[in-house]
Amino acid sequence: MTFRTPGFGGRIRVGRSRLLLRVIVILAILVALFFAFTAIWTDVLWYRSVGFSSVYTKQLTTRITLFLCAGVLMILILGVNIVIAYRVRPPYRPVSVEQQGLDRYRAALDPHRRLIVAGVLTLAGLLAGSSLAGQWRTWLAFLNRQPFHIKDPQFHKDISFFVFTYPLLRLVLGFLFAAVILAFVAALIVHYLYGGLRLQGPGERVGTAARAHLSVLFGVFVLLKAVAYWFDRWGLADSQRGVVTGPSYTDVNAVLPAKTILAVIALICALMFFATLVRRGAMLPGMAFGLLVLSAILIGGVYPLLIQTFQVKPNEVDKESKYIGRNIVATRQAYGVDKTQVTDYVPNTKLSPEQAKQETSTLPNVRLLDPAVVSPTYQQLQQIKGFYKFPNPLDIDRYPGDGGALRDTVVAVREIDGPPSGQVNWINSHLVYTHGYGFVAAPGNQVDVQGAPVFTEKDIPPTGTLGVTQPRVYFGERSPGYSIVGGTSKRELDYPNDQSPTGQTNTSYDGKGGVPIGSLFNRTLYALRFKEKNLLLSGAINSQSRILYDRTPRERVQKAAPWLKVDGNPYPAVVGGRITWIVDGYTTASEYPYSERTSLDDATRDTNTQSRVSVAAQAGDRINYMRNSVKATVDAYDGTVTLYAWDQTDPVLQTWMKAFPGTVQPRSAIPADLLPHLRYPEDLFKVQRGILARYHVENPQAFYGGGDFWQIPNDPTSDGTVEPPYYLSVKMPGQNTPGFSLTSTFTPKGKVTNLTAFMAVDSVPTSPTTYGQIRILQVPRSQVTPGPEQVQNTFENNPTVSQQLTLLRGPGSKTVSGNLLTLPFGGGFLYVEPVYLQANAGAGAYPLLKRVLVSYGNDIGFGATLQDALSQVLGGGATAPTGGPPLQSSADIRAAIEAANRAYADAQTALTKGDWASYGEAQKRLKAALDELARLQRQSSAKPAPTTPPATPKPAGTATPPAAPTPTPKPTR
């Protein structure tokens, strides 16, 4: 017989359940804390590996400080008001149906009251702390703010107040508003739950204590509103009410005084709410609330609307001119375009032989290799193995030519693309195929007899003139997410080697990059971070192993300097024998008074960012201030990140250098062999050209009319996308020698596509007096000058060009149009476009340069070489450009082309008539002409240019069209 104590087993089960629940909660907290520790400590290790520990610790301590301060303050505000509401609850509550229902809730909640309140306060504190912790940049910028030494024209405050101080004031005010609103809601709930506030029953619906408590909270809210009204006055610096950004006529003459009056009224209303502490009744709070609402509607809304409707709209151009002028000045200053030189430029369309000879003798090395087209060519000719890959598009840099002068060079890094197909596993992906190998470069204006680049740096191991001594690329744009490198065994594939029994040479990383992962503790942390058990179990990892991650140049610079925005197109250079990535960093702001805001994403979007993978698109942040303040480098072998102050006068840069001392080196520290490879950054240029499309107009009345606004043309060789800027060596009017520049064109805003302006910025960093100088050549409005899209259309519809392109294409091949370059030349504009030939299909298809299209004035040239095309346009006065390879021109070549044209036309005529004998004879002549043309091209490429240019036939642009031209589809890019 057994005896059972009633209820005892039930209590044991309840006790065990509670204990189990507590254990589970504690374990969950410990696991969450360990994962948080893993994320934080691995970040600490990464920052130590790049020498930027202070950046992370400053971020972390600032975040923690803001989190704690905001969380504790929110808990105190809420907690005090909940306690007050509970303490002043009425001791007796009249009997009613409402109170009977609340009694049941009180009975259920009271035993757990403290736990519930603690949970609510903790949640509110966590949310508030997390919100403010994310604003660490605002806090640090305020603490370390530096003056601009420029005052805004309306409030006469230094610009730094709006950029650094005002955002923090709004942040603090927003936090206090949220705290007071939450406290009011919490107090309201407690008062209702415990009878201080009733909806039913006899007597007063709101108890005396509850009324006083809620009135004070509402008074604090109104007091904060008075402060907000006062702050709103400064917020008008970013007003969008008028024609442009900034205080408009209505803002200055109606809204500004209205905000001042409303601030005073709100202060009076707050005092009326506070008066309920000494005077009972709802009259004062009611009057205060009504006055506040009525004044906000009439003074804050109706009055400015009347001014805008009856004073401004009928005379808007006169009323707003003063404020448009302020916006123009501020916007040009904020984007660094205030020193832009705009020159009236009347394009010439004809040159005498003497002028042609003089102009072509100083014509720079025109780049014919399009970096957005020839990536497949680099891939096929220099890939070596299938596990390597080149970016698309490639990059442009400058390296010395045969005479020592710098010339435009198309460069690329041979990066790792992962294990071969069928060999993908964890070992191969993360321990064997760890790095790329080699640097490839070719002059932009030179090709061989087949139309392929002439590489000056190539192959594995590297050979060439650039002196690469460390070709390994462990940190690049296509590097694996993480790799385990180093150690005693040479497990990593270094490069293919036919002399080796295994067909390859292996290596073991001996650089200082990455984080040591030999210890069990670090392996455990990284196994959790990357969710990969092999990091913990693999025997291939030893005490000397290192883990490389966050390896792309952009993300390394972004993490090292989180206050920067990073250019979307890093580019490689050979500096001191090592491959070095160069990354441009921008300081930006969004509170520059009177300056027009722009979207970074929209302003920097073009053909390259939309259709390529190597040029990153910017985020959609809206900014109204931008400077290229930092030049950053990332060593491709050891991942070392170095920041150099480029624009040392920038107050935003000075602010962040004070916040993170020692992280940015002075401009004087830039190595001498690095300086020539720096260039004017693309994303800044894109933003500036978008601004100048409107803000080249400095007259307020003309700006208001908008009749002279420009737009950036679409890329004529890529449908529906904006034309990207091009790096070119350009000789601007008034210059004796060409200079490396970043260029773009403008067309009138609207559907007209004729050229209206040409923009170039000096990009030679060794010329500090001219670097960054923006020059615009403005075409007269009354003169029609063909723009890029019109020139492209002319190329495609020219009968002679169309027919020769048809001849150039054989079965299974197609033509690919390269970038259409625009150059100031001979008092006019010279358009140059390379034409490539590529197979239609096949994994090994790649484009080769076969023809060059040239347009000057109304004439078109289409030749096998640039010199040939120039001769057709300019006549016998054209000579080979200085400093470049000989450009051949042969009457025999043109005779062969004409013979092919005649044979093709005869064949088409015979085909139409059904005369098969004549058709066969014409085909034989066509084949013979094409064979002769190929022979002459090979011969002319092997011989130097003649000292006296041969006679030039009638320009192609005025040639008599053949009897039956064949329509040609638009060449594709």
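Calculation rules
- Residues numbered from 1 in each chain as written.
- Predicted model: local features only at pLDDT ≥ 70, side-chain atom pairs only at ≥ 80, totals over all residues.
- Heavy atoms only, no water.
- Helix = DSSP H or I, 4+ residues; strand = E, 2+ residues; numbered from the N terminus.
- Buried < 20%, exposed > 50% of the residue type's maximum accessible area, 1.4 Å probe, protein only.
- Contact = heavy atoms within 4.5 Å.
- Areas by Shrake-Rupley, 256 points an atom, 1.4 Å probe, with all protein chains shown as cover.
- Phe/Tyr/Trp six-rings, centres within 6.5 Å; stacked < 30°, edge-to-face > 60°.
- Lys NZ or Arg CZ within 6 Å of the ring centre and 35° of its normal.
- Pairing = 2+ DSSP bridges.
- Salt bridge = Lys/Arg side-chain N within 4 Å of Asp/Glu carboxyl O.
- Axes fitted to C-alpha atoms, helices over the stretch in contact; angles between N-to-C directions.
- Parallel < 35°, antiparallel > 145°, perpendicular 65-115°, else oblique.
- Nonpolar A, V, L, I, M, F, W, Y, C, P; charged D, E, K, R; others polar.
- pLDDT = per-residue confidence, 0-100.
- Core = buried A, V, L, I, M, F, W, Y, C linked by side-chain atoms within 4.5 Å.
- Polar contact = N/O pair within 3.5 Å; in protein donor to acceptor, adjacent residues only side chain to side chain.
- Expected span 1.5 Å × (residues − 1).
- Arc of directions from axis to C-beta.

Draft legend 1. Focus on the overall build of the chain. Along the chain, the regular secondary structure elements total 26 helices and 32 strands. A burial count over the chain gives 53% of its 973 residues as buried. Once local pairs closer than 6 in sequence are excluded, the contacts in the chain between residues at least 24 apart make up 69%. In the structure as shown, the chain presents an accessible area of about 42,600 Å², 59% of it carried by carbon and sulfur atoms.

Draft legend 2. Molecular detail of the packing of aromatic side chains. Under the definition given, this model contains 45 aromatic pairs. Among the aromatic side chains, those forming a connected cluster through ring pairs are Phe 155, Phe 161, Phe 162, Tyr 166, Phe 231 and Trp 234. In this structure, Lys 157 is placed above the aromatic ring of Phe 161, and the distance from its NZ or CZ to the ring centre is 4.7 Å. A cation sits over an aromatic face here: Arg 667 above Trp 646, 3.6 Å from the ring centre.

Draft legend 3. Examining the pairing of strand 24 (residues 726–730) more closely. Within strand 24, 5 of the 5 residues are buried, which leaves it mostly tucked inside the rest of the structure. Here strand 24 shows no split at all, with Tyr 726, Leu 728 and Val 730 on one side and Tyr 727 and Ser 729 on the other all buried. Alignment of strand 24 against strand 25 (residues 739–748), held across 5 bridges, turns out to be antiparallel. Its bridge partner lying in strand 25, Tyr 726 is registered against Thr 743.

Draft legend 4. Local environment of unusual backbone geometry. Cis rather than trans, the peptide bond between Asn 392 and Pro 393 has omega equal to 5°. Inspection of the secondary structure puts Pro 393 in the loop between strand 2 (388–389) and strand 3 (395–400). For the peptide bond that leads from Ile 460 to Pro 461, omega is -15°, which places it in the cis range. Here Pro 461 shows up in the loop between strand 8 (457–458) and strand 9 (463–464). If you check the backbone angles, Tyr 594 has positive phi at about 75° while not being a glycine. Inspection of the secondary structure assignment puts Tyr 594 in the loop between strand 18 (578–589) and strand 19 (598–599).

Draft legend 5. Quick look at the pattern of salt bridges. For the structure shown, the criterion picks out 27 salt bridges. For Asp 232, the salt bridge is made with Lys 259, and the minimal N-O distance between the two is 3.5 Å. With Asp 232 in helix 7 (residues 208–235) and Lys 259 in helix 8 (residues 249–274), the pair connects residues that are 27 residues apart, well separated along the chain. Residues Lys 565 and Asp 621 are paired through a salt bridge, measuring 2.6 Å at the closest nitrogen-oxygen approach. You can see Lys 565 sitting in strand 16 (residues 565–566) and its partner Asp 621 sitting in the loop between helix 18 (607–611) and strand 20 (622–623), a full 56 residues away along the chain. A network of salt bridges, in which partner residues are shared, links Asp 43, Arg 529, Asp 550 and Lys 559.

Draft legend 6. Molecular detail of the packing of helix 8 against helix 9 (residues 283–312). It is at 9 Å that the axes of helix 8 and helix 9 come closest, and there the two elements cross at 175°. What the angle tells us is that helix 8 and helix 9 run roughly antiparallel. In terms of residue class, the contact of helix 8 with helix 9 is built from 24 nonpolar, 6 polar and no charged.

Draft legend 7. The arrangement of the side chain of Gln 688 in detail. The residue Gln 688 is located in helix 20 (residues 682–695) in this model. Other than its neighbours up to four places away in sequence, Gln 688 contacts Tyr 335, Gly 336, Val 337, Tyr 680, Met 759 and Ile 774.

Draft legend 8. Highlighting the confidence of the model for the chain. With 90% of its residues at a pLDDT of 70 or more, the chain shows a mean pLDDT of 88. Every residue in residues 1–5 scores below 50 in pLDDT, and together they form 0 contacts with partners more than four places removed in sequence or on other chains. Considering only residues more than four positions removed or in separate chains, one finds that residues 882–890, a stretch of pLDDT under 50, has 32 contacts.

Draft legend 9. Broad picture of the sheet that holds strand 14 (residues 515–516). Here 3 strands make up an open sheet; going across it, the order is 11-15-14 and the pairing antiparallel. Either end of the sheet is taken by a strand with one partner, and the two such strands are strand 11 (482–486) and strand 14.

Draft legend 10. Quick look at the pairing of strand 30 (residues 828–839). Counting buried residues in strand 30 gives 11 out of 12 residues, a clear majority hidden from the surface. Here 5 bridges tie strand 28 (residues 813–817) to strand 30, and the two strands are oriented antiparallel to one another. When the sheet's bridge partners are listed, Ser 813 is paired in strand 30 with Ala 839. Summarising the sheet, strand 29 (residues 821–825) and strand 30 pair through 5 bridges and their orientation is antiparallel. Note on strand 30: the bridge partner recorded for Leu 823 is Leu 830.

Draft legend 11. Examining the environment of Val 227 more closely. In this structure, Val 227 sits in helix 7. By relative accessible area, Val 227 is classed as partly exposed at 32%. Distance from Val 227 to Ala 266, taken between C-alpha atoms, is 8.7 Å for residues 39 residues apart in sequence.

Draft legend 12. Region of the structure containing the nonpolar core. Counting 168 residues, the largest nonpolar core has Tyr 378, Phe 439, Leu 535, Trp 563, Leu 643, Val 832 and Val 854 as the members making the most contacts within it. Of the residues forming this core, the biggest block, 7 residues, is contributed by helix 20. Setting aside anything within four residues of it in sequence, one finds Val 832 in contact with Val 366, Leu 368, Asn 819, Leu 820, Leu 821, Leu 823, Val 852, Leu 853, Val 854 and Leu 866. Grouped together as the second largest cluster of nonpolar side chains are 20 residues, Ala 70, Met 74, Leu 102 and Ala 124 included.

Draft legend 13. Region of interest: the environment of Thr 865. Mapped onto the fold, Thr 865 is located in the loop between strand 32 (859–863) and helix 24 (866–874). Sequence separation between Thr 865 and Gly 451 is 414 residues; the distance between their C-alpha atoms is 10.0 Å. Only 3.1 Å separates the side chain of Thr 865 from the backbone nitrogen of Asp 868, close enough to count as a polar contact.

Draft legend 14. Just helix 4 (residues 113–133), in detail. Spanning 21 residues, helix 4 covers 30 Å between terminal C-alpha atoms, matching the ideal 30 Å at 1.5 Å per step. Among the residues of helix 4, those classed as buried are Leu 121, Ala 124, Gly 125, Ala 128, Gly 129, Leu 132 and Ala 133. End-on, the buried residues of helix 4 take up no more than an arc of 155°, which puts them together on one face. In helix 4, the exposed positions angled more than 90 degrees off the buried face are occupied by Leu 115, Leu 123 and Leu 127. Close packing links the buried residues of helix 4 with helix 2 (53–87), helix 5 (136–143) and helix 6 (159–193).

Draft legend 15. Main features of the packing of helix 5 against helix 19 (residues 651–659). In contact at an axis separation of 9 Å, helix 5 and helix 19 are set at 95° when each is read in the N-to-C sense. When the axis of helix 5 is compared with that of helix 19, the two are roughly perpendicular. Here Arg 137, Leu 140, Ala 141 and Leu 143 of helix 5 lie close against helix 19, whose contacting residues are Thr 655, Trp 656 and Lys 658. Class assignment of the residues belonging to the contact of helix 5 with helix 19 gives a composition of 4 nonpolar, 1 polar and 2 charged.

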